[in-house]
Amino acid sequence: MSVHFVGAGPGAADLLTLRAVRLLEAADVCVYAGTYVDAVLAHCRDDARRVDTQDLDLDAITEELVGAHRAGLEVVRLCSGDPSLYSALHEQTRRLDEAGVPWDVTPGVPAYAAAAARLGAELTVPEVVQSVVLTRTQARSTAMPDGESLEAFAATGATIALHLAITRTRDLAARLAERLGAETPVAVVANASQEQEVVLRGTLADIADQVEAADLRQAAVILVGPALGRPDGSESFLYSADRDRAAKRR
């Protein structure tokens with residue numbers, strides 16, 4: 001038996017990998033991250049034990065995972081979005097290693113990708129922007145490392161995907177506007193792929209007003225950068241008619 005860390009995706013029951021669905025269907029115990037995944041839990045068996053971690057600390061979560069494993073049960077640790085981002089995967093797996101419990105990871109659709117899909121947006125436009133920064137800001141949370149300021153990321157010109165930041169939109173928009181300009185395109189997608197999904201489009205000048213009017217407080221991604229404005233960029237060399245495709249076959 002292993003503990004399976006599974007990405008729940010953005011919340012829609014059909015935005016999961018086939019592997020994730022199989023693991024959920026086989027799970028005796030599903031330890032899940034509180035909100036955002038109710039529809040995904042429908043893949044679990046009716047007799048599966050479900051453990052909501054909203055009010056549990058890491059040690060209590062670990063106790064659930066280790067206890068289920070030692071009881072010979074199939075265990076899924078369901079993570080919002082993708083386990084590679086803001087999932088506490090590192091802390092949990094370190095504890096499992098110390099307990100001698102095997103584990104593996106099944107990726108999920110990350111929130112920023114679900115948001116971009118809903119917008120119909122490519123976040124990398126040739127000769128406009130070719131990088132994406134996935135970041136967050138500090139409020140009542142773990143401190144950001146030195147050198148990872150919002151202003152430093154903005155200076156790169158990359159598309160910025162801000163997680164866990166919706167309640168600070170006004171302050172963040174003002175900071176980014178100083179570096180990028182107030183008319184820089186912005187989009188906010190809350191609860192991407194779910195029935196209560198909200199999509200807002202604007203600029204750094206007006207997005208805070210829209211967020212506050214919509215009363216958004218959680219489960220939202222803020223995307224910032226020229227790619228959101230669907231700019232006229234050059235076309236990809238990969239598909240260019242001028243590319244010598246015969247060269248690869250020589």
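About the criteria used
- Residues numbered from 1 in each chain as written.
- Predicted model: local features only at pLDDT ≥ 70, side-chain atom pairs only at ≥ 80, totals over all residues.
- Heavy atoms only, no water.
- UniProt positions renumbered as here; feature names shortened; annotations may be inferred.
- Disulfide = S-S within 2.5 Å.
- Buried < 20%, exposed > 50% of the residue type's maximum accessible area, 1.4 Å probe, protein only.
- 1 Å grid on protein atoms, 1.4 Å probe; cavity = no way out; pocket = protein on both sides within 12 Å on 5 of 7 lines; lining within 4 Å.
- Points joined across faces, edges and corners; volume = space filled by probe spheres on them.
- Helix = DSSP H or I, 4+ residues; strand = E, 2+ residues; numbered from the N terminus.
- Nonpolar A, V, L, I, M, F, W, Y, C, P; charged D, E, K, R; others polar.
- Pairing = 2+ DSSP bridges.
- Axes fitted to C-alpha atoms, helices over the stretch in contact; angles between N-to-C directions.
- Core = buried A, V, L, I, M, F, W, Y, C linked by side-chain atoms within 4.5 Å.
- Contact = heavy atoms within 4.5 Å.

- If you check an unreviewed UniProt entry, the chain appears there as Precorrin-4 C(11)-methyltransferase from Aeromicrobium halocynthiae.
- Reading the Pathway (unreviewed entry) entry of the UniProt record for the chain gives the comment "Cofactor biosynthesis; adenosylcobalamin biosynthesis."
- The UniProt entry for the chain carries this comment under Sequence similarities (unreviewed entry): "Belongs to the precorrin methyltransferase family."

1. Quick word on the state of the cysteines
- Applying the stated criterion to the full structure yields zero disulfides.
- Counting only cysteine sulfurs, Cys30 is the nearest neighbor of Cys44, a cysteine outside any disulfide, at a range of 4.0 Å.
- Look at Cys44 and you get buried, because its relative accessible area is 5%.
- Looking at the unpaired Cys79, the closest cysteine sulfur is the one in Cys30, lying at 9.8 Å.
- On the accessibility criterion, Cys79 (4% relative accessible area) is buried.

2. Some details on empty space enclosed by the protein
- Summed over the entire model, instances satisfying the criterion amount to one cavity of 30 Å³ or more.
- Around the largest cavity sit Leu162, Thr169, Leu172, Ala173, Leu176, Leu204, Ile207, Ile222 and Val224, which together line it.
- When contributions to the lining of the largest cavity are tallied by element, the ones reaching two or more residues are α6 (169-180) and β10 (220-224).
- Element by element, the count of residues in the lining of the largest cavity is highest for α6, at four residues.
- Within the lining of the largest cavity, the residues separate by chemical class into eight nonpolar, one polar and no charged.

3. Examining the sheet that holds β10
- Spatial strand order, β6-β7-β10-β8-β9: five strands in an open sheet with mixed pairing. Where the open sheet ends on each side, the last strands, each with one partner, are β6 (132-136) and β9 (198-203). Ignoring strand direction, the axes of neighbouring strands in this sheet form an average angle of 20°.

4. A closer look at the nonpolar core
- Ranked by internal contacts, the top residues of the largest apolar core, which has 24 residues, are Ile160, Leu162, Leu176, Val188 and Ile222.
- Looking at this core, the elements that each hand over two or more residues are α5 (150-155), β7 (159-163), α6, β8 (185-190), α7 (207-214) and β10.
- No other element matches α6, which puts four residues into this core.
- Sequence-distant contacts of Val188, defined by excluding residues within four places in its chain, comprise Ile166, Val198, Val199, Leu200, Ile207, Val211, Leu216, Ala220, Val221 and Ile222.
- Grouped together as the second largest cluster of nonpolar side chains are 17 residues, Leu16, Leu23, Cys44 and Leu78 included.

5. Looking at the environment of Asn191
- Relative to the helices and strands, Asn191 resides in the loop between β8 and β9.
- The buried category is assigned to Asn191, whose relative accessible area is 16%.
- For the pair Asn191 and Gly7, spaced 184 residues apart in the sequence, the C-alpha separation amounts to 16 Å.
- If near-sequence neighbours (up to four positions away) are discounted, Asn191 is found in contact with Gln196, Glu197 and Ala219.

6. Examining the sheet that holds strand β1 (residues 3-7)
- Spatial strand order, β3-β2-β4-β1-β5: five strands in an open sheet with parallel pairing. Single-partner strands in this sheet number two, and they are β3 (49-52) and β5 (103-106). Strand after strand, the sheet turns through a mean of 20° between neighbouring axes, direction not considered.
- The sheet contact formed by β1 and strand β4 (residues 75-79) spans five bridges and is parallel. Each residue of the ladder has a partner; that of Gly7, found in β4, is Cys79.
- Packed on one face of the sheet, helix α3 (residues 89-99) meets β1, β4 and β5 and runs near 170° to β1.

7. Re the pairing of strand β2 (residues 29-32)
- Judged by which residues are buried, β2 turns out to be covered on both faces: Val29 and Val31 on one side and Cys30 and Tyr32 on the other are all buried.
- Sheet topology places β2 next to β3; four bridges connect them, and they run parallel. Looking at β3, one finds that Cys30 is bridged to Arg50.
- Judged from the four bridges that link them, β2 and β4 form a sheet pairing that is parallel. Within β4, the residue paired with Cys30 across the bridge is Val76.

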